[in-house]
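Residues per chain are reported as follows:
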Amino acid sequence: MQLLGGFLSPYVRRTAVSLNLTGVAYESVKVPVWDDPDAVKKHNPLVRIPTLVLDDGDVLVESYAILDALDEMAGDKRLVPASGAERRKVMKTTAVGAGTIDKTIWAVYELRFHDKEHVSRSWVDHNEAQALGGFGWLNEQAAAAGDGWLCGANITQADVTAAVAYSFANKVRPKMDLAAKFPALAAHNARCEALDAFKNAALPS
Ligand SMILES: N[C@@H](CCC(=O)N[C@@H](CS)C(=O)NCC(=O)O)C(=O)O
């Protein structure tokens, strides 16, 4: 299968890390979605990355739907528990992580796609405040987990998405000063980024 999209995209990166953790083989095809939208459009009507092209030609779009299908393929290596309270906790924590990604990106897009005089500072601040709210809550979960994973004994999608969100925000909005504000989450991030699954889908420098 082919994973379309570069690892600067946190949605692509959480998918790649999940593929690495579950041991599902894939080829990374780093199509530049902004510069070559047609390369994505022929597979995905939304022209968004990640897009996962399966070996049988079927195509999966949107990271949450791709990750859901991946869990089905992964069997006992799945990253979201199949049911019950454990599943709810992982889903909620993952949702907060994904929400911080959305909010960080919306702030970045506002700054990127408007001339300086047309940037809405209040919209940037609004989105960053929501991202910081999410990171604050994740920091509490990381502090409660100590040296462990966010949702129990094993690494889950909650850890993947939280760590990818943190690394991305740290890179694109260093002014958010995450390490100083959220030390437990910073330590959790360092543990995740030290794993081969993360290193093999490294954030571009
Ligand atoms: N909800 C989507 C978000 C995907 C997304 O926004 N990807 C960005 C890259 S980070 C993209 O493809 N942007 C191109 C565009 O919107 O034109 C997901 O979870 O996969």
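Reference entry: report on the structure contained in this document. Values in this document were obtained by computation on a predicted structure and should not be read as measured data.

Here we take up helix α6 (residues 157-172). In this model, α6 (16 residues) spans 22 Å end to end at C-alpha, consistent with the 22 Å of a helix rising 1.5 Å per residue. Most of α6 sits out of view: 13 of its 16 residues are buried.

With that settled, consider the pattern of salt bridges. In this structure the tally under the stated criterion is five salt bridges. Here Arg13 ties to Glu193 by a salt bridge, and the two come within 2.7 Å at their closest N and O atoms. Here the residue Arg13 occupies a position in helix α1 (residues 10-22), and Glu193 occupies one in helix α8 (residues 183-193), the gap between them amounting to 180 residues. Overall, the relative accessible area of 22% leaves Glu193 in the partly exposed class. For Arg48, the salt bridge is made with Glu62, and the minimal N-O distance between the two is 3.0 Å. Residue Arg48 is found in the loop between α2 (37-41) and β3 (51-53), and its partner Glu62 is found in the loop between β4 (59-61) and α3 (63-74); the two are separated by 14 residues along the sequence. Overall, Glu62 belongs to the partly exposed group, its relative accessible area being 21%.

Next up on the list: the site of the ligand. Taken together, Ser9, Tyr11, Val33, Trp34, Val47, Arg48, Ile49, Pro50, Glu62, Ser63, Ile105 and Tyr109 make up all the residues around the ligand. A distance of 2.7 Å separates a nitrogen atom of the ligand from a polar atom in the side chain of Glu62. For the shell around the ligand, the per-class residue count stands at eight nonpolar, two polar and two charged.

A complete count under the given rule lists six aromatic pairs for this structure. Taking 5.7 Å as the distance between ring centres and 90° as the angle between the ring planes, the aromatic pair formed by Trp34 and Tyr109 counts as edge-to-face. Placement of Trp34 in the loop between β2 (27-29) and α2 and of Tyr109 in helix α4 (residues 84-113) is noted, with a sequence separation of 75 residues between them. Looking at Trp34, the relative accessible area reads 49%, which means it is partly exposed. What links up through ring pairs into an aromatic cluster is the set Trp34, Tyr109 and Phe113. One residue, Lys30, lies across the ring of Phe7, its end atom 4.4 Å from the ring centre.

Here is what the cut-offs are and how they apply
- Residues numbered from 1 in each chain as written.
- Predicted model: local features only at pLDDT ≥ 70, side-chain atom pairs only at ≥ 80, totals over all residues.
- Heavy atoms only, no water.
- Helix = DSSP H or I, 4+ residues; strand = E, 2+ residues; numbered from the N terminus.
- Expected span 1.5 Å × (residues − 1).
- Buried < 20%, exposed > 50% of the residue type's maximum accessible area, 1.4 Å probe, protein only.
- Salt bridge = Lys/Arg side-chain N within 4 Å of Asp/Glu carboxyl O.
- Near = heavy atom within 4 Å.
- Polar contact = N/O pair within 3.5 Å; in protein donor to acceptor, adjacent residues only side chain to side chain.
- Nonpolar A, V, L, I, M, F, W, Y, C, P; charged D, E, K, R; others polar.
- Phe/Tyr/Trp six-rings, centres within 6.5 Å; stacked < 30°, edge-to-face > 60°.
- Lys NZ or Arg CZ within 6 Å of the ring centre and 35° of its normal.

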